[in-house]
Amino acid sequence: MKVRVKLFAMLRERAGTGDDLQDVPDGTTVKELWDKLRREHAGLSGVELRLLYAVNSEYVGLEHRLADGDEVAFIPPVSGG
Amino acid sequence: MYRLTDKSIDVSELLAFVGDPGAGAVATFIGTTRDNNEGRSIISLDYEAYPGMAEQEMTRLGEEAATTWRITRMAIVHRTGNVPIGEASVAIAVSAPHRDDAFKACRYAIDELKKRVPIWKKEIYEGGEIWIGSQTGERFTEAPAVGSRD
């Protein structure tokens, strides 16, 4: 299945892209997708930030299982205001 | 009214939106870009947002405020892109029948926005730049609870 990855701020800069289409096995979790991204993007492998995760704009946990067509956002510590 | 803008924030627009004959108070908060942070002299700030989700989370915190305090209307506008020093990066206006509810809901909105609305700020200073919240040296692990970093 295909999922769209959104990366922001420091993660976007480290990966060199804010938007990534990924082909993953059915039932892939957010954590498994993150691990895959870290293997594919050297800049993300050293990231030790505490992230939040959102699927289709809703915050989810790391074990959330993805569905085909999901938009998965990796959200570094927010700092609006 | 909950939105992002890449232009200067027009506070009078927020005031017009929250204005209501039944409101006896309007509380506002304006966050402005400061020229220094932790000893660094800042030239300007860049804001990045997750469009769609950012407005959705701002809308949610307005709805939450409305269940806790008696408010009439709320408006939140957050700027994105490069913001020169001294300009508004965020503006919040809340109208309510009475001032206590307006003040409290306004305070809640800015406090919650800073915790969970997907917006990021990068400080640009002489010789470098820093994503606030992602500073090198801070070591975080995976979030223990969804939607909370505290």
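Whatever comes next refers back to the structure up there.
Residues numbered from 1 in each chain as written. Chains lettered and ligands numbered in written order. Predicted model: local features only at pLDDT ≥ 70, side-chain atom pairs only at ≥ 80, totals over all residues. Heavy atoms only, no water.

Asker: Help me out: how do you make sense of the pattern of salt bridges in this one?
Answerer: All told, the structure shown has 22 salt bridges over all chains when counted by the stated rule. Here Arg60 of chain B and Glu58 of chain A are joined by a salt bridge, their closest N and O atoms 2.8 Å apart. Here the residue Arg60 of chain B occupies a position in helix α2 (residues 53–68), and Glu58 of chain A occupies one in strand β4 (residues 58–60), the pair thus bridging two chains. Residue Glu58 of chain A is classed as partly exposed on the basis of its relative accessible area of 33%. (Salt bridge = Lys/Arg side-chain N within 4 Å of Asp/Glu carboxyl O. Helix = DSSP H or I, 4+ residues; strand = E, 2+ residues; numbered from the N terminus. Buried < 20%, exposed > 50% of the residue type's maximum accessible area, 1.4 Å probe, protein only.)

Asker: Mind showing me how you'd approach the packing of α2 of chain B against helix α3 (residues 99–116) of chain B here?
Answerer: Helix-helix packing is described using two parameters, namely the angle between the two axes and the distance between the axes. Residue and element names in this part refer to chain B. The interhelical angle for the contact between α2 and α3, taken along N-to-C directions, is 145°, at an axis separation of 10 Å. Between α2 and α3 the crossing geometry is right-handed. Judged by residue contacts, Glu57, Met58, Leu61, Glu64 and Ala65 of α2 engage Ala105, Tyr108, Ala109, Glu112, Leu113 and Arg116 from α3. A breakdown of the residues in the contact of α2 with α3 according to their chemical character gives seven nonpolar, no polar and four charged. (Axes fitted to C-alpha atoms, helices over the stretch in contact; angles between N-to-C directions. Left-handed = near helix turned anticlockwise from the far one by under 90°. Contact = heavy atoms within 4.5 Å. Nonpolar A, V, L, I, M, F, W, Y, C, P; charged D, E, K, R; others polar.)

Asker: Any chance you could explain the interface of chain B and chain A here in plain terms?
Answerer: A common way to express how large an interface is: the accessible area buried when the components associate. Contacts between the two partners involve 39 residues from chain B, matched on the other side by 30 residues from chain A. Together chain B and chain A conceal approximately 3,000 Å² of surface at their shared face, both sides included; 54% is due to carbon and sulfur atoms. The interface formed by chain B and chain A includes three salt bridges. At the boundary of chain B and chain A, one finds 18 residue pairs in polar contact (both at pLDDT 80 or more). Of all elements in the fold, only β4 (40–49), α2, β7 (88–96), α3, β8 (119–125) and β9 (128–131) of chain B reach the threshold of two or more residues within the side of chain B that touches chain A. In terms of residue count, the dominant contributor to the side of chain B that touches chain A is α3 of chain B (five residues). When grouped by side-chain class, the residues that make up the side of chain B that touches chain A number 18 nonpolar, eight polar and 13 charged. (Buried area = accessible area lost by both parts, 1.4 Å probe. Polar contact = N/O pair within 3.5 Å; in protein donor to acceptor, adjacent residues only side chain to side chain.)

Asker: In this structure, what is going on with the nonpolar core? I would like to understand it.
Answerer: For soluble globular proteins, the rule of thumb is that nonpolar side chains tend to be buried together. Ranked by internal contacts, the top residues of the largest apolar core, which has 35 residues, are Leu11, Leu33, Phe74 and Ile75 of chain A. Those elements giving two or more residues to this core turn out to be β1 (2–7), α1 (9–15), α2 (30–40), β3 (52–55), β4 and β5 (71–75) of chain A. Setting aside chain neighbours within four positions, we find Leu11 of chain A in contact with Trp34, Leu44, Val47, Leu51, Phe74 and Pro76 of chain A. Ala27, Val94, Ala96 and Leu113 of chain B belong to the second largest nonpolar core, which has 28 residues in total. (Core = buried A, V, L, I, M, F, W, Y, C linked by side-chain atoms within 4.5 Å.)

Asker: Explain the packing of aromatic side chains to me, please; I cannot follow it from the model alone.
Answerer: Here a ring pair, both rings aromatic, is described through the centre-centre distance and the interplanar angle of the planes. Per the stated rule, a full pass over the model turns up five aromatic pairs over all chains. A centroid spacing of 4.9 Å and a plane angle of 10° characterise the contact between Phe8 of chain A and Trp120 of chain B, whose relative ring orientation is stacked. Of this pair, Phe8 of chain A sits in the loop between β1 and α1 while Trp120 of chain B sits in strand β8, placing the two residues on different chains. Assessed through its relative accessible area of 5%, Phe8 of chain A is described here as buried. A network of ring pairs unites the aromatic residues Phe8 of chain A together with Tyr50 and Trp120 of chain B as a single cluster. Looking at Arg40 of chain B, its charged tip hangs above the ring of Tyr125 of chain B, at a distance of 5.9 Å from the centre. (Phe/Tyr/Trp six-rings, centres within 6.5 Å; stacked < 30°, edge-to-face > 60°. Lys NZ or Arg CZ within 6 Å of the ring centre and 35° of its normal.)

Asker: Which parts of the structure should I look at to understand the sheet that holds β4 of chain A?
Answerer: Strands pair in a sheet through their backbones, by hydrogen bonds, and they do so in one of two ways: parallel or antiparallel. Within the open sheet, the five strands sit side by side as β2-β1-β5-β3-β4 (chain A). Their pairing is mixed. Each end of this open sheet is capped by a strand with a single partner; those strands are β2 (19–23) and β4 of chain A. Neighbouring strand axes in the sheet, compared pairwise and without regard to direction, differ in orientation by 30° on average. The sheet contact formed by β3 of chain A and β4 of chain A spans three bridges and is antiparallel. Among the inter-strand pairings, Tyr53 of chain A is bridged to a residue of β4 of chain A, identified as Val60 of chain A. Strands β1, β2, β3, β4 and β5 of chain A of the sheet are contacted by α2 of chain A, whose axis makes an angle of about 110° with β2 of chain A. Along the sheet, α2 of chain B contacts β3, β4 and β5 of chain A; its crossing angle with β4 of chain A, the most-contacted strand, is approximately 90°. (Pairing = 2+ DSSP bridges.)

Asker: Can you walk me through the environment of Glu38 of chain B in this structure?
Answerer: Along the chain, the position of Glu38 of chain B falls in the loop between β3 (36–37) and β4. Residues Glu38 of chain B and Ile124 of chain B, spaced 86 residues apart in sequence, show a C-alpha to C-alpha distance of 13 Å.

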